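# Remarks on the overall topology
Spelled out from the first residue to the last, the chains are:
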Amino acid sequence: METTLGLEIIEVVEQAAIASARWMGKGEKNTADEVAVEAMRERMNQIHMRGRIVIGEGERDDAPMLYIGEEVGICSREDAKEYCNPDELVEIDIAVDPCEGTNLVAYGQPGSMAVLAISEKGGLFAAPDFYMKKLAAPPAARNHVDIRKSATENLKLISECLNRSVEELVVVVMDRPRHKNLINEIRSAGARVRLIADGDVSAAISCAFSGTNIHALMGIGAAPEGVISAAAMRCLGGHFQGQLIYDPEIVKTGLIGESKESNLERLRSMGIEDPDRVYNAEELACGETVLFAASGITPGTLMDGVRYFHGGARTHSLVISSQSKTARFVDTVHMFDSPKSIQLR
Ligand SMILES: O=C(COP(=O)(O)O)[C@@H](O)[C@H](O)[C@H](O)[C@H](O)COP(=O)(O)O
Ligand SMILES: [Mn+2]
Ligand SMILES: [Mn+2]
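Residues numbered from 1 in each chain as written. Chains lettered and ligands numbered in written order. Predicted model: local features only at pLDDT ≥ 70, side-chain atom pairs only at ≥ 80, totals over all residues. Heavy atoms only, no water.

This part is about the pairing of strand β13 (residues 312–321). Within β13, 10 of the 10 residues are buried, leaving the element largely enclosed by the surrounding structure. On β13, burial covers both faces: Gly312, Arg314, His316, Leu318 and Ile320 on one face and Ala313, Thr315, Ser317, Val319 and Ser321 on the other are all buried. Here five bridges tie strand β11 (residues 290–296) to β13, and the two strands are oriented antiparallel to one another. Along β13, the bridge assignment pairs Ser295 with Ser317. Note that strand β12 (residues 307–309) and β13 share three bridges and pair antiparallel. Following the sheet pairing, Arg307 is matched in β13 by Arg314. (Buried < 20%, exposed > 50% of the residue type's maximum accessible area, 1.4 Å probe, protein only. Helix = DSSP H or I, 4+ residues; strand = E, 2+ residues; numbered from the N terminus. Pairing = 2+ DSSP bridges.)

Structure follows, in structure tokens:
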């Protein structure tokens with residue numbers, strides 16, 4: 001699956017990031033999102049692959065593009081056998097978030113990116129548009145921490161695994177009323193909290209890299225983003241666990257319906273028998289081969305954002321592969337027309 005795909009998907013996320021970054025700071029989150037979706041889809045459909053969107057734009061809003069179930073890639077066409085080789089005809093599943101952190105883009109804040117994950121058919125958990133409680137931690141703490149334990153216990157475990165004091169740990173938490181008690185607990189345990197407005201994918205993956213000064217992600221975000229984070233964390237050997245949240249009392253806002261019973265019913269209808277199950281990264285991204293790619297829209301912990309110059313743009317991306325066991329940071333100059341000059345860095 002990986003050979004050429006690994007290179008082509010860089011361009012997919014780069015194009016989405018370039019399109020979206022034009023709307024940085026314009027206060028128009030929907031446009032920043034739409035142009036990313038369009039650009040991602042257009043580039044994806046130029047790849048010799050037979051892809052199906054399993055996480056995309058949409059369960060909630062009847063999105064016209066990159067919706068769940070949409071087939072993408074040149075080899076999805078009916079007459080594909082005529083111009084695609086057998087490898088390219090193998091079905092693959094794709095999870096996308098063309099603009100992860102739409103608000104961040106709209107208000108010019110750090111941490112947004114165009115992102116996707118790919119695996120063979122059935123290799124990614126088709127997470128419903130629900131909330132997910134998440135715990136991400138560095139590779140050294142993998143399988144030592146547990147989402148069922150308290151934040152205090154997990155911080156102690158991370159501090160032991162990293163050989164540093166709890167006071168030296170930084171935990172990213174999304175700035176939401178639902179996290180009030182969690183934030184108090186983390187602070188009481190002695191650790192420091194970095195509150196983010198949006199964008200928990202970047203925060204989760206940052207835990208896998210030392211030097212980011214992010215040692216854990218705790219709290220509740222969206223489930224589709226949980227699967228995309230898990231795909232990267234699985235390849236990187238970081239710790240990631242997720243548990244679906246269906247009780248509106250816990251989150252108080254947004255994604256899920258107002259009745260716990262109907263939410264449970266919705267999960268059952270999707271084939272999720274145990275709504276309280278804790279999933280680890282290997283279960284959320286269980287495929288034999290997993291590929292992850294992201295490109296910064298605004299600057300973030302892992303990647304810089306898009307920078308435009310006369311006649312071009314420069315992007316910073318990250319491609320992670322379970323097969324080649326690589327995490328590639330890719331710095332690309334895009335030449336739209338004749339640039340007057342190309343800056344070395
Ligand atoms: O910040 C996020 C928004 O993603 P997007 O809609 O693609 O710009 C995600 O990282 C979060 O995981 C998640 O979507 C969020 O926590 C759910 O929204 P909210 O109800 O505001 O917490
Ligand atoms: Mn998102
Ligand atoms: Mn998005």
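What follows continues from the structure just given.
Residues in close proximity to ligand 1 total 17 residues, the closest being Glu100, Thr102, Tyr131, Arg178 and Asp198. With respect to ligand 1, the backbone of Gly101 contributes an N or O atom lying 2.9 Å from an oxygen atom. One of the backbone N or O atoms of Thr102 is found 2.7 Å from an oxygen atom in ligand 1. Computed on the free molecule, ligand 1 has an accessible area of 510 Å², of which 79% lies beneath the protein chains in the complex. Among the elements that make up the shell around ligand 1, the one with the highest residue count is strand β3 (residues 91–100) (three residues). (Near = heavy atom within 4 Å. Polar contact = N/O pair within 3.5 Å; in protein donor to acceptor, adjacent residues only side chain to side chain. Areas by Shrake-Rupley, 256 points an atom, 1.4 Å probe, with all protein chains shown as cover.)

A separate point is the state of the cysteines. Evaluated as defined, the whole model comprises one disulfide. With a sulfur-sulfur separation of 2.2 Å, Cys75 is cross-linked through a disulfide to Cys84. Where Cys75 bonds to Cys84 through sulfur, the torsion about that S-S bond is close to -90°, and the disulfide is left-handed. For Cys75, a relative accessible area of 2% corresponds to the buried category. Exposure remark for Cys84: the relative accessible area of 7% places this residue in the buried category. Cys207 supplies the cysteine sulfur nearest to Cys161, a cysteine that is in no disulfide, at a spacing of 13 Å. Looking at Cys161, the relative accessible area reads 25%, which means it is partly exposed. Cysteine Cys286 remains unbridged, with the sulfur of Cys235 as its closest cysteine sulfur at 12 Å. Assessed through its relative accessible area of 45%, Cys286 is described here as partly exposed. (Disulfide = S-S within 2.5 Å.)

Looking at the secondary structure, you find His179 in the loop between β6 (170–174) and α5 (180–189). What makes His179 buried here is its relative accessible area of 2%. A distance of 2.8 Å separates a polar side-chain atom of His179 from the backbone oxygen of Met174. Looking at His179, its side chain comes within polar contact range of the main-chain nitrogen of Ile220, at 2.7 Å. Residues in contact with His179, not counting those within four places in the same chain, are Val173, Met174, Gly219 and Ile220. (Contact = heavy atoms within 4.5 Å.)

So yeah, pure geometry; function would need other evidence.
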